[in-house]
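Chain and residue survey
For reference, the chains in residue letters:
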Amino acid sequence: MNSSIQCLSNTFTLTKYFLDEMFKAEINKDNVLGTGGKLAVQFARLMNEIWNEESPVVTPWSFKKIVGNFQPMFSGFAQHDSAELLSFVLDGLHEDLNRVIKKPYYEMPDLLPGTSEEICAKLSWKYHLLRNQSIIVDLMQAQYKSTLFCPKCNNISVTYDPYMLLSLPIPMNEID
């Protein structure tokens with residue numbers, strides 16, 4: 001938990017957003033995918049404790065309790081992967097602060113062969129933003145291109161998908 005909190009608290013724009021209480025105007029209490037704003041409020045309290053309190057030690061009990069209430073995997077004291085916690089917290093903050101109140105249904109249109117990659121990517125991102133707009137999307141989400149080739153029919157499928165975290169393998173061989 002410590003490493004995830006430190007990473008987020010040292011993301012200047014995100015921390016300023018919470019310390020300046022800008023998040024309050026964007027809490028989406030009606031989003032069934034969120035926590036009713038509880039995670040965002042507790043995260044703001046934690047950022048305030050880290051950056052504005054005089055104590056040299058911060059114990060994030062209240063934050064841990066809220067996280068555990070909404071994701072039981074984190075309710076105890078077992079070790080967890082920091083990427084799992086980071087993913088849960090970012091997703092929860094996004095849903096608590098999603099500016100899109102009524103998420104429209106949409107289907108990506110089929111693009112004509114020969115449509116430029118730039119247009120395809122922009123269109124995919126535009127459709128993503130129809131349902132997802134928050135400080136987390138603004139600061140932490142991006143898009144990657146995925147290409148699949150079928151050796152049987154020679155069909156090539158290209159998609160542009162949003163992501164928030166990338167898992168990178170650590171090489172096992174020693175570097176000389």
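Everything below is about the structure shown above.
So, how was this worked out
- In this convention, every chain numbers its residues from 1, walking through the sequence in written order.
- Residues qualify for local features only when their pLDDT is at least 70, as the model is predicted, and side-chain atom pairs are given and counted only at 80 or more; totals for whole chains, interfaces and linings, by contrast, use all residues.
- Excluded from the side-chain calculations are hydrogens and water; all other atoms, namely the structure's heavy atoms, are used.
- Working definition: a ring pair exists when centres of Phe, Tyr or Trp rings (six-membered ring for Trp) sit within 6.5 Å. Plane angles under 30 degrees give stacked, over 60 give edge-to-face, the rest tilted.
- Whenever Lys or Arg places a side-chain nitrogen within 4 Å of a carboxyl oxygen from Asp or Glu, that contact is recorded as a salt bridge.
- Helical segments are the DSSP runs of H or I of at least four residues, strand segments are the runs of E of at least two, and each set is numbered from the N terminus.
- Throughout this description, buried means an accessible area under 20% of the type-specific maximum (1.4 Å probe, protein chains only), exposed means over 50%, and partly exposed covers the range between.

**Observations concerning the packing of aromatic side chains**
Summed over the entire model, instances satisfying the criterion amount to seven aromatic pairs. Among the aromatic residues, those joined into a cluster by ring pairs are Tyr17, Phe18, Phe23, Phe43 and Phe63.

**With respect to the pattern of salt bridges**
Enumeration over the complete set of coordinates arrives at seven salt bridges. As a salt-bridge pair, Glu117 and Lys145 come within 2.4 Å of each other at their nearest N and O atoms. Taken together, the residues Glu117 in helix α6 (residues 117–131) and Lys145 in strand β1 (residues 142–149) connect sequence positions 28 residues apart. Lys145 sits in the partly exposed class, given a relative accessible area of 39%. Notably, a salt bridge pairs Lys122 with Glu118, separated by 3.0 Å at the nearest N-O pair. Of the two residues, Lys122 and Glu118 are both situated in helix α6; the distance of four residues between them amounts to about one turn of the helix. Judged by relative accessible area, which is 54%, Lys122 ranks as exposed. When salt bridges that share partners are traced, they join Glu26, Arg99 and Asp138 into one network.

Geometry only, nothing functional implied.
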